[in-house]
Structures are given as structure tokens and as C-alpha cells.
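Coordinate analysis (summary)
Read off the chains here:
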Amino acid sequence: MRHIDRRDFLVSSAAGIGAAALAGSVPVTAFAAESPFKPEKGASLQLLRWTAFVKSDATIWDENTKKFTDATGVPVTIQNLTWNDVTPKAALAAQVGSGPDIVMGWNDDPFVYPDKLIEMTDLVEYMGKAHGGYYDNARSYCYDQDVKRWVSFPIGCTGNAVNYRKSWAKEAGFSEFPKDLDGMLKLARGLKKNGHPTGFALGHAVGDANSWTHWILWGFGGKQANPDNSIAINSGETSNALDYARQLYETMIDGVAGWDDSSNNKAFAAGLIGMTMNGISIWYAEKTADPALFPDFANATPPYGPVKTHTISNNFTSAYVFKYSKYPNAAKEYLRFMLDSPQADRWVTEMLGYVTPALRGYSDLPIWTSNPNITPYRDALAGAKYDGFNGKPGKAAAQALDEFVLVDMFADVCVNKLANKDAMRKAEAKLTAIYKRA
Amino acid sequence: MIRRPALAARLDSPRVLGYLLIVPAAIILLGLLAYPLLLGIWLSLTSATIGNPGQFIGLQNYATIFADPIFRGAAWYSVFYTICAEAGKLVLGLALALLLNQRFRGYRVSRALMLLPWVAPTVLSALAWLWLLDPQFSAISWLLLRLHLIHSNIDFLGHPWSARMSLIVVNIWRGLPYFAIGYLAGLQSIPKDLYEAAAIDGADGWQAFRRITWPLLMPITTILVAFSSIFTLTDFQLIWTITHGGPTDATQVFTTLAYQRAISGGQLGEGAAIAVSPIVIMIVLAFFVVRSVREK
């Protein structure tokens, strides 16, 4: 079967309207007319989304929203909330049956209340065909295996990469960033020796602490659960990952167990740490904060562990529509419009790839190769794993993430000096209880 | 003889009018206090999840949480946090009240400034403390380093015990004005002639405090401690903003764990059981308040 990618679609779509729209010569209304999703008469929408870390994210998203309103007559009210506040606000809406029509939420959130969400299969399939399909994470976070339907529309992830200072890495003997975890540990030790410790969050930091601990665990072949959801955390592979983390912790600045999601950004910007893991915003912020020093800030694809594959963990975002919404078609059309060309092209480009789209077709945008420091974020979803890997995505995995089970296991070894076996048993007990009640 | 309307005649009855007058208050109490409390208790007896009312499962949620080491840890720290914070607030609040009970230049301004921690929005003050306790950018560490009292930054929130004690200090700071203002009111209600009589009898300052001040402050102490303990035991904003219950669940309390389980994790029944479980402690505290008020 011939693979239809985004470019094929643009060329072959009716009367070349899609391609012309990409070039900006045809009004958006003309392209929207081809959409199978027809907004209800008199529709209006409320969107709840997470606050943008990169200013251009919000600016372009709002501009595209205005274009949508101009084209369809459907007004859209956008409410921005801090990242951590989206999950409880959406849960409240699900519970009381009132609130925003659309929520742009995080990771496994839709699996907590799938029965309250409208089926998104038609939109997912339509956009998948138009844009070359999805990365695997899309299915992991948006297709509910219990109710057997797409309950959310995959948008993408705020991808993670390793952030470091080139000159300091060079001082430590590395002209290029290492490709494997052993090499990275050597670099970390070199940095520490030269007075530039590393910094990876070990507190209850939703994004930063979960991302690097999952990456290391998976890099050594450790996993939270088996495909049948039996707990698999207590293993030799996990123990190896904990050994590695303990050694990496020795290269870290003091206080990482008290870090929140903004701590590494501040420490990196202040020159207190020489290496961390973050979204592209940490690099982008330096462009305006310190233009003279900006060329020294660099990003690298997270090195591979012994499993020799990509084991990155990202913050995945998707959009879901509540059943109480009076305007489900308008909501779907809005999401189609926002993630379609040319709107999404501009959105991703202007925010320098802060969000890596779940649709594979957007990987060929010129922005990804315009600077070698942006390219690692293009690949953030290629082979990325999901919360609860290698178990079944769903409520249990979501709760384990919410309760920082894996983060605390790493912190128990690094900070509380627990033996690997004790930390693993503790995590195993917590996971067993969570998977049992979910 | 003039016949009065039946309604007016009934309203003349103290029993009818009395009940009628308490109806608005009763509606407010039932709607805003009793209903949420009873709903919470009911939810704790069900398997409710977000968006799903669940089924009645008896005490199963309680059996689950009492077997859960994280809950036991949260219960232990909740009580420890409350006892330490109340002790700190009582001693320092009383000391502050004794100080502010003196007439000195600027005492009125001092009394007003003392209230600032109490009137500032909790989340804002928690964010300020988050900065003060930052492992890298703490102003406290900066000052102590400049004074050569420490050699490196203090890791306030990076270890279980330092994080626990830091939160207690923040809670004491926030609740201190409540005790100080309460004690100040109590001190000003003590008749001056008692001290004059004691002085004539040769009592020194410490004896006057032990024999007059402290005994007469006992009723207000009971009320202050009981009310403040209830607030402290149910503290959420300070802890959630500063540590999110970390590191390694060392600073989880009833409220943060209930929120994590019920709202983030969607397990409403279990979250409700965690939230309801400290109710016994609060009823005991409320009993002391009521008894103290009656005695007074």
C-alpha cells in the first residue's frame, strides 16, 4: 500500500486547494470547506490549554485561532493554565460535567475518564492520512485500550534533549556530545571536576524529574510493568539503571531533590550547572537573555544506554473533547484546522520546534535542520517510550506517574542512600497497590 | 376586641420565631458545611472515580489506606507537623504578644506589621518561601555565606528531614500573628490591679507571669491551639506549593495525598477516605474548643 504523506496529500487534495492554502494564496475558508467536520450552527468553543513557555507558541496559536474564527464564524475562548493545573481542572470538568469544550492536556489524562470524552477516531484517521501518520506515542497516550477507541487527538510533545555548554564540554575533553550513557557519565565527571556540576531534578517535578529518570531506566532495559500489567520494576536492569543514576548523582549540584520544574532552567541560565535535560525553551531563553554567550549553549539527543535504542521520555500533549460539549463537530474542526497546514507549519516554526508534532509529516519542516541545536527535538518522538512502559497504557500508568513512583525510587537510592534492592522493593509495593486499585 | 392576624400571632410565639430566625443560618450550615462533609464521608465508602459514581464498598477504602505505607507516613507527618508548628506558634506568639503589650515608640505600627504574614495570600507567601529555601538562589543562604556562618548553600528542601523542618518553620511564620493577636487581646483583658496587688505582695515578673498571666490566658490558649491545630492539620497550599509532598513523599500530609489520589489520580473514593480520616482528631480538638468556650 502506498504511503500517503503530508506532501502527497497537499498535491493530490481537491483542485490543489491544500497546496495553494500552504502557499497562502487561497483563503482558509476554501480549504476548510473540504473538511468533513462541519461546525454546528451558532457554535462557540472554550479551550483550556497549558500556558506556553515560549511566547511565540501562544502568539501563533492565538493568531491561528482568530483565523479559524474568521473562516468559520465560531468564536473560541482560550483559558491558559500552568502545566500542573490543567490536570485537576480537567478532572473537575469531567466530574461535574461542565467546563471547557476542549482540553489540551498531558500524557495519560484522557485515560482517567474515557467515558466522559467523545470518540476522536474520525479526526485522528483523517489527519493521519493527511500528514503521514503518527509516531507510536500518539497511540500510547490517546487510544484507550479498555474502551477500544481514540479518546483524544494527538498534538505532540514538548520534547526533551540534553542541554550543555560547548566550551565546558571541550574543557572536559569532549568536542562532541557522547552518543552513549557511559560517555555521558565521563563527560559529567569531567564537568564536575572543572567546577561545572550537572543538574537533573529529583524532587516532585512533573516534567523534569520524570523525563530523565524514565530515560535512564529504559536505557538500561528496565521497565515498570509487563504487557499484562504485572509489575516488572524489580529487576537486574533496573538495578543497573540505579547504579548509573547513583554515579551521575555524584556529579550533580547540591539540592536537586528539592528542585521543581523551573529549577534547572534557572541554574543553567546562571551558569551553575554544565548539563541538564529540558525542552528547547531552556536554550531558546538564552538567545535573548545572553546573546553573546548564546552560541555556547547546545542541545544533544539523549545518549543511548545498553539497550542501544532511543529511550527518551517526553511530556506528551493531546486534545480531548468532553461529551457535555454542545459543539463536538466545531471542536473537531478547530483541532483539524489548528494542526493542519499551513497553520501548524507556522506554529511549529515560529516556536522553534518547542512542540514536536505527533504527525510524522511535520518532521520535514525546514526549522528542524535550520540549526543543529533544534534537530534533536525533531526526533524527540521517534522511538520514544510511554509512561508505564512496557505495561498497558491507561489509568494505572497515569497514577504511577502522578505519584512519582519511579522518581522517588531514584531519589531513594541517590539521596536517601537506600540499597538498590530496597528501593526497588519499595517501588514494587507502590506499583502493585496502584495497579491493583486502578 | 381587635383580632390579630393568625400569622402575626404565631410569630409572637418565641418558639416559632426562634426556629424561624435560625433557618437562614441552618440552611447555610447544612449547605456549605454538612453537605460537603456528608458527601465526603459517602464517597469514602464507595468505589467512585472521576466521572463514575461507583458502588458502595463499605470500609474497603479505609482498609486499603491503612495498609498503605505512604498514607501512614502522611498521617505521621501531619501529626508531627501540627504538633511542632503549634508548639512553635504558641511559644513565639506568646513572646511576641508580651512584647507588643508594652508601650513603646511605634508599637501601633509594629502591631499592624505583625499581621502581614497572616493577611498575605498563602500561595504568594509560599512562593516567596520557595525562593528563600531554593538550594541555589536562597537569600537566607546568601546572607549566611556573606556572614561567614556557612561554607555552602543550605539544602533546605533536598533531604527528608530538612524539608520537613523547613515546612514547619514556614507554617510557624504564617500562623504566628494569629497566636500573637489572640494573646495580645487576652493580655489586655487582664485587670491591671491584679499585677499591682502581686507587686505589693513582692512578686517578681516571672512569678506574676506564672501565677496571674498564664492561668488567665489558659482559656484563650485552648481556643487558639484548637482552632490553629485544625487549620494546620488541614494545611495544603504551603506544602503543595513548596514541595509537592517530596522529596520521596517525605512531606506528604493528609490533604496533599488526598488531592493526589482523588484529583490527579481520579480515585475519588480513596481520596475521600484519606481526607476524612483526620476527622476524629479534629472532632477531639473541636470538643476542647466547645468545652473551653462554655467554661469561659
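Residues numbered from 1 in each chain as written. Chains lettered and ligands numbered in written order. Predicted model: local features only at pLDDT ≥ 70, side-chain atom pairs only at ≥ 80, totals over all residues. Heavy atoms only, no water.

Some details on the overall build of chain A
Rules: Numbered from the N terminus, helices here are DSSP runs of H or I no shorter than four residues, and strands are runs of E no shorter than two. As a reference, a globule follows 2.2 Å times the number of residues to the power 0.38, and the radius of gyration itself is taken over C-alpha atoms. Throughout, exposure labels follow a simple rule: accessible area from a 1.4 Å probe, protein chains only, divided by the maximum for the residue type, with under 20% read as buried, over 50% as exposed, and the rest as partly exposed. Residue contacts are counted whenever heavy atoms from the two residues lie within 4.5 Å of one another. Calculation of accessible area relied on Shrake-Rupley with a 1.4 Å probe; when residues are assessed, cover is drawn exclusively from the protein chains displayed. Asp and Glu are treated as the negative residues and Lys and Arg as the positive ones, with His and the ends of the chain left uncounted. Every charge is mapped onto a representative atom, which is NZ of Lys, CZ of Arg, CG of Asp or CD of Glu.
The helix and strand inventory of chain A stands at 20 helices and 11 strands. Here the C-alpha radius of gyration of chain A, 22 Å, is about what a compact globule of 438 residues would show, namely 22 Å. Here the C-alpha coordinates of chain A stretch approximately 65 × 55 × 40 Å along the principal axes. A buried classification covers 61% of the 438 residues belonging to chain A. Taking the contacts inside chain A whose residues are at least 6 apart along the sequence as the reference set, 78% of them involve residues at least 24 apart. Accessible surface for chain A amounts to roughly 15900 Å². Of this, 53% is attributable to carbon and sulfur atoms. Charge-centre separation for chain A: the mean point of 45 positive side chains lies 1 Å from the mean point of 47 negative side chains.

A closer look at the sheet that holds strand β8 (residues 275-278) of chain A
Residue and element names in this part refer to chain A. For clarity, the threshold we go by: Note on pairing: two strands pair once DSSP finds at least 2 bridges between them. Axis geometry follows a simple rule: fit a line to the C-alpha atoms, using only the stretch in contact for helices, then measure angles between N-to-C directions, giving values from 0 to 180 degrees.
Across the sheet, which stays open at both edges, the three strands sit in the order β8-β7-β9 with antiparallel pairing between neighbours. Each having just a single partner strand, β8 and β9 (297-300) make up the two edges of the open sheet. Across the sheet, the mean angle from the axis of one strand to that of its neighbour is 30 degrees, orientation sign disregarded. Here four bridges tie strand β7 (residues 161-165) to β9, and the two strands are oriented antiparallel to one another. Across the sheet, the residue bridging to N163 is N299, located in β9.

Considerations on the sheet that holds strand β11 (residues 356-357) of chain A
Residues and elements named next belong to chain A. The sheet built from six strands is open, its strands ordered β2-β1-β3-β10-β6-β11 with mixed pairing. Each of the sheet's edge strands pairs with one partner strand only, and the pair in question is β2 (76-81) and β11. The sheet contact formed by strand β6 (residues 153-158) and β11 spans two bridges and is antiparallel. The residue of β11 that forms the bridge with C157 is T356. The sheet contacts of helix α4 (residues 55-72) involve β1 (45-50), β2 and β3 (102-106), and relative to β2 the element is tilted by about 160 degrees.

Quick look at the pattern of salt bridges
Filter applied, for reference: Note on definitions: salt bridges are taken to be side-chain nitrogens of Lys or Arg within 4 Å of carboxyl oxygens of Asp or Glu.
In total, this model carries 22 salt bridges over all chains according to the counting rule given. Close ionic contact of R49(A) with D57(A) constitutes a salt bridge, the shortest N to O distance being 2.8 Å. With a relative accessible area of 1%, R49(A) lands in the buried category. A relative accessible area of 0% places D57(A) in the buried class. The closest approach of N and O atoms between R261(B) and E270(B), which form a salt bridge, is 2.8 Å. Across this residue pair, the class does not change: R261(B) and E270(B) are buried.

Observations regarding the domain arrangement of chain A
All names here are of chain A. Keep this limit in mind: For every domain, the bounds stem from an assignment made automatically or drawn from a database. Polar contact is the term for a pair of N or O atoms within 3.5 Å; when the atoms are in protein, one must be able to donate a hydrogen and the other to accept it, and sequence-neighboring residues count only if both atoms are side-chain atoms. Under the convention adopted here, Pro, Cys and the residues Ala, Val, Leu, Ile, Met, Phe, Trp and Tyr are nonpolar, Asp, Glu, Lys and Arg are charged, and Gly plus all remaining residues are polar.
Looking at the assigned domains, one finds that chain A contains domain 1 (6-157 + 314-364) and domain 2 (161-313 + 403-437). Taken over C-alpha atoms, the centre of domain 1 sits 31 Å from the centre of domain 2. Each side of the interface is counted separately: domain 1 has nine residues, and domain 2 has eight residues. Inspection of the domain 1/domain 2 interface yields zero salt bridges. Our count for the contact surface shared by domain 1 and domain 2 stands at zero residue pairs in polar contact (both at pLDDT 80 or more). Residues that form the side of domain 1 that touches domain 2 fall into these classes: four nonpolar, five polar and no charged.

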